[in-house]
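# Geometric and topological summary
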Amino acid sequence: MQRIIILLILILNYGISCLGQDLSTNDKRAEKYFNEALEFYRNRTNINALEKLYEALQRDDNFIEAYLLKADIYAELDSVSKQIESLKKVIEISPLSNMNVYYVLGTAYLKTGEYQKAKDSFQKYLEINPNGSLLEKAKQNLSKANFALNLYLNPVPYSANSLGEGINSEFNEYWPSITVDNETLVFTRLAPVESSNITFQEDFYTSTQNNGKWEKATAIIDINTTDNEGAQSISADGKLLFFTICSQSKGMGSCDIYFSSLENGVWSLPQNVGSPVNSSSWESQPSISANGEYLYFASNREGGKGGMDIWRCKLNGLKNNGLPLWSSPENLGDSINTSGDEMSPFIHSDNKTLYFASDSWPGMGGIDLFVSRQKNDESWTESQNLGYPINTWNDETGLIVNATGETAYFSTNRETAGENMDLYSFNMYDEIRPSPVSYVKGHILDKNTEDPLFANIQLIDLDNESLEMEISSDKTDGSFLMCLPIGKDFAFNVEKEGYLFYSESFMLHDAHSEDDPFITDIQLSPIEVGNSTILRNIFFDTDSYELLEQSNIELNKLVSFLKENPTIAIEIGGHTDSMGTEEYNMKLSEARAKSVFDFLENEGIPESRITYKGYGMTIPIDTNETDEGRANNRRTEFTITRN
């Protein structure tokens, strides 16, 4: 259809017909060659058509229609510079022979990034043809040219750095994805099959970072097949991989989203994520949120705003067969999706900053990269172009950003002058950075045997008591990794049946460096008489024994623990640092322990199962010479007294 439209604009509007009548040449041989070229064009043999046009122009160098058809063919061949040459020749021969030439020339200049010339061409069209059939489109494109010119004249900070020979090869590398600790990279490589230079296929490769350098990438043989796999997204902890497979006989549509999990160093067989994520339409380019709550993806399904839109589905748990259970698909709305195509979504680890590509939001031409942020009401801010030279008149897609928000990764061929696509990184300027994210990682172990444990881990917002994230440690080695959004305070809990739960607090509301993650191995104590655990999320004001509201999360956790283990009895112990007198600290610690005792009793825990005692400063677990040490000594803990 586009081929016919272009031909109608460039040729039929010049007062000629497809039979070649009323041409601008008087040379019969030139006319004959032109008509032969036109026939070749209709039959989609463009090379033959260009040869005949060459002969026609050899006969008559002022043959307007020959230049127009030549421009049309070069547009189809994506030879925009040659298209421009032919259109300029038409204007040189007869500046006012037809006004549409200026419109088409303007669109061609947009494709090459010659924004001032594009602007001049659209203005010329509007000036000499104010009632033309392309009036509204010319106004729209003039606005695009002005927008792009403004971006071009006001470049943003940008300097690309290759990810190195460990990642980039003689083939195409694209679609990077990275874990929250910045240590594991997964990407797609388009390489020849069995050393063939004819047949190519997409496969996954992975690399680890060592001392700031990416090691030589290796193929993920557990997932790669003889078919194409691509457009992947790795979870924050590196344990799940979501990706796209197309044209599967058992698939639901032309392209579907699949997932694989990493267990004991081996990726499981890919499984279709199922409906309603996948449908009879095209679904691709998944991005899983760091808290595992939402899967973002691109789809051309019904109910969207245009061509490809960005959607998301909420993960509501797992079915009995282990497959994910999804909510209904949610279109991200007018702040992101347009009547054109939106694609390659990437939701940052802060769970609210979305990067994506679009061919319709105002930009540099082609497909540009944009950012939008989710507001408190879950709507999205209007999309912001990332600016030039991050975006150019070429197509830019597939950008991701690391957890700190400082570094972006993407694929491009512009740094290699049009050769293969390679992976690059660049530093993000402040206005387009997401909120930084830190993380906690380590292993869950049995305190007595140091065997790894498969345990449940929760991160809870202390301000609103909402569950921020929930994961499990690895079944084989007990490892875990969890994002910690900067700017909030969290309760961190680890629990496993048969063990005392473990609690920690991460106070990130005021200040914490995202470059300073928490690395810790956590030892769980079996439920045995004499074993104890510190309740690190029990809070009091200074010199007070009144429980702060933020303590409710930990207190309710303790209530649940006691109800789930009805045979055990515990002692609540209060401890202080060495500041103040021994008598004062003993009274304060006992009063604080009693406050916890009273809470448990009010929640229905029998007095026969709980006692309390103040220890003052008699049992320190850290030095009293530093603020951090004294904070550790000020604690509430419980000890098993009967099992």
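Heads up: the structure comes first, above all this text.
Described in the following lines is the structure provided in the data block. Remember, it's a predicted structure, so these values are computed and weren't measured experimentally.

## A word on the sheet that holds strand E23 (residues 422–427)
Judged by pairing direction, the sheet is antiparallel, and its 4 strands sit side by side in the order E1-E23-E22-E21 without closing on themselves. At either end of the open sheet lies a strand with only one pairing partner, and these are strand E1 (161–162) and strand E21 (400–401). Strand direction decides the pairing type here: E1 and E23, joined by 2 bridges, are antiparallel. Looking at E23, one finds that Asn161 is bridged to Ser425.

## Focus: the nonpolar core
Counting residues in each nonpolar core, the largest one holds 50 residues, and the members touching the most others are Phe34, Leu53, Phe63, Leu69 and Tyr125. Taken together, the elements giving at least two residues each to this core come down to helix H2 (28–42), helix H3 (46–59), helix H4 (64–76), helix H5 (80–93), helix H6 (100–112), helix H7 (115–128) and helix H8 (135–153). Leave out the neighbours within four places in its chain, and Leu53 touches Phe34, Ala37, Ala66, Leu69, Lys70 and Ile73. Counting 35 residues, the second-largest nonpolar core is a separate cluster that includes Val156, Ala298, Ala357 and Ala408.

## Structural notes on the state of the cysteines
By definition, a disulfide links the sulfur atoms of two cysteine residues through a covalent bond. Considering all chains together, one arrives at 1 disulfide under this definition. Across the disulfide from Cys246 sits Cys255; the S-S distance is 1.8 Å. Handedness of the Cys246-Cys255 disulfide follows from its S-S torsion of about 100 degrees: it is right-handed. On the basis of relative accessible area, Cys246 is assigned to the partly exposed category, the value being 34%. Of the residues examined, Cys255 reaches a relative accessible area of 8% and is grouped as buried. Cys313 takes part in no disulfide bond, and the closest cysteine sulfur to it belongs to Cys255, at a distance of 17 Å. Among the residues examined, Cys313 registers a relative accessible area of 0% and is labelled buried.

## With respect to H8
One turn of the α-helix equals 3.6 residues, which is why residues spaced by three or four share an orientation. Helix length check: H8 (19 residues) gives 27 Å between terminal C-alpha atoms against 27 Å at 1.5 Å per residue, within 8%. What H8 keeps buried is the set Leu135, Ala138, Asn141, Leu142, Ala145, Ala148, Leu149 and Leu151. Turning to H8, the residues buried within the fold contact H6, H7 and strand E20 (384–385).

## Quick word on the pattern of salt bridges
A full pass over the atoms with the stated rule returns 27 salt bridges. Put simply, Glu114 and Lys117 hold a salt bridge, and the shortest N to O gap is 3.3 Å. The exposure class assigned to Glu114 is partly exposed, which follows from its relative accessible area of 28%. By relative accessible area, Lys117 is classed as partly exposed at 41%. Here Lys305 and Asp334 are joined by a salt bridge, their closest N and O atoms 3.2 Å apart. With a gap of 29 residues between them, Lys305 in the loop between strand E13 (294–299) and strand E14 (309–318) and Asp334 in the loop between strand E16 (330–331) and strand E17 (342–347) connect regions that are remote in the sequence. A relative accessible area of 54% means that Asp334 is categorised as exposed. Taken together, the salt bridges that share partners define one network made up of Lys32, Glu36, Lys52 and Glu55.

## Regarding the pairing of strand E26 (residues 467–472)
Pairing of strand E25 (residues 456–461) with E26 involves 5 bridges; the strand directions are antiparallel. If you follow Gln458 over to E26, its bridge partner there is Glu470.

## Digging into H2
With 15 residues, H2 extends 21 Å from end C-alpha to end C-alpha; this agrees with the ideal 21 Å at 1.5 Å per step. All buried positions along H2 are accounted for by Ala30, Tyr33, Phe34, Ala37, Leu38 and Tyr41. Across the axial projection of H2, the buried residues extend over an arc of 145 degrees, all falling on one side. One side-chain oxygen of the residue at the start of H2 lies 2.9 Å from the amide nitrogen of Arg29, identifying that residue as Asp27. Arg44 lies just past H2 and shows a positive phi near 65 degrees.

## Digging into the environment of Glu603
Following the sequence through the fold, Glu603 ends up in the loop between helix H10 (582–602) and strand E33 (610–614). Here the alpha-carbon distance between Glu603 and Asn556, two residues 47 residues apart in the chain, equals 8.8 Å. Setting aside residues no more than four positions away along its own chain, Glu603 makes contact with Val559 and Lys563.

## Some words on the packing of aromatic side chains
Counted by the stated rule, this structure contains 23 aromatic pairs. When the centroid spacing of 6.1 Å and the interplanar angle of 35 degrees are considered together, the rings of Phe480 and Phe492 count as tilted. Of this pair, Phe480 sits in strand E27 (residues 479–485) while Phe492 sits in strand E28 (residues 489–495), placing them 12 residues apart in sequence. Residues Phe480 and Phe492 agree in their burial class; the two are buried. A ring pair is formed by Phe501 and Phe561, whose centres lie 5.7 Å apart and whose planes are at 75 degrees; its orientation type is edge-to-face. Taken as a pair, Phe501 in the loop between E28 and strand E29 (502–507) and Phe561 in helix H9 (residues 552–564) lie far apart in primary sequence, 60 residues in all. Like Phe501, the residue Phe561 is buried in the burial classification. Three or more aromatic residues joined by ring pairs form one cluster here, namely Tyr115, Tyr152, Tyr388 and Trp393. Between Arg189 and the ring centre of Tyr205, over which it is positioned, the NZ or CZ distance is 4.3 Å.

## Side note on empty space enclosed by the protein
Vacant regions in the atomic arrangement are exposed by a probe of water-molecule size rolled over the atoms. Per the counting criterion, the structure on display carries 1 cavity of 30 Å³ or more. The computed volume of the largest cavity comes to approximately 260 Å³. Looking at the largest cavity, it is lined by 30 residues, and the ones nearest its centre are Ser233, Ile234, Ser287, Phe346 and Ile400. Contributions of two or more residues to the lining of the largest cavity are made by strand E2 (172–178), strand E7 (230–234), strand E12 (283–288), E17 and E21. Looking at the lining of the largest cavity residue by residue, the class counts come to 17 nonpolar, 13 polar and no charged.

Definitions and limits used
Each chain has its residues counted from 1, following the order in which its sequence is written. Only residues with pLDDT of 70 or above have their local features reported here, since the model is predicted, and side-chain atom pairs are shown and tallied only from 80 upward, although totals for entire chains, interfaces and linings are computed over all residues. Hydrogens and water are ignored here; the side-chain numbers use all heavy atoms of the structure. Being paired, for any two strands, means DSSP has found at least two bridges between them. To qualify as a helix, a DSSP run of H or I must reach at least 4 residues; to qualify as a strand, a run of E must reach at least 2; elements of each kind are numbered from the N terminus. Among buried residues, those of type Ala, Val, Leu, Ile, Met, Phe, Trp, Tyr and Cys that are joined through side-chain atoms within 4.5 Å constitute a nonpolar core. When a residue's accessible area, from a 1.4 Å probe over protein chains only, is under 20% of the maximum for its type it is buried; when over 50% it is exposed; and in between it is partly exposed. Residues are treated as being in contact if the distance between any of their heavy atoms lies within 4.5 Å. Any two cysteine sulfur atoms within 2.5 Å of one another count as a disulfide. Helix span, expected: 1.5 Å multiplied by one less than the number of residues in the helix. The term salt bridge refers to a pairing of a side-chain nitrogen on Lys or Arg with a carboxyl oxygen on Asp or Glu at a separation within 4 Å. Directions pointing from the helix axis toward each C-beta atom define the arc. Within 3.5 Å is the distance limit for a polar contact, defined as a pair of N or O atoms, with the added protein rule that one can donate a hydrogen and the other accept it, and that residues adjacent in sequence qualify only through two side-chain atoms. Between rings of Phe, Tyr and Trp, where Trp is taken as its six-membered ring, a pair exists when centres lie within 6.5 Å; planes separated by under 30 degrees are stacked, by over 60 edge-to-face, and by other angles tilted. A ring is considered to have a charge above it if a Lys NZ or an Arg CZ atom is located within 6 Å of its centre and within 35 degrees of its normal. The distinction between a cavity and a pocket rests on a 1 Å grid over the protein atoms alone: a 1.4 Å probe fits inside a cavity but cannot get out, while a pocket stays open yet meets protein on both sides within 12 Å along at least five of seven lines, and a residue with an atom within 4 Å of a point counts as lining. Grid points are joined across faces, edges and corners, and a volume is the space filled by probe spheres set on the points. By the convention adopted, Pro, Cys, Tyr, Trp, Phe, Met, Ile, Leu, Val and Ala count as nonpolar, Lys, Arg, Asp and Glu as charged, and the other residues, Gly among them, as polar.

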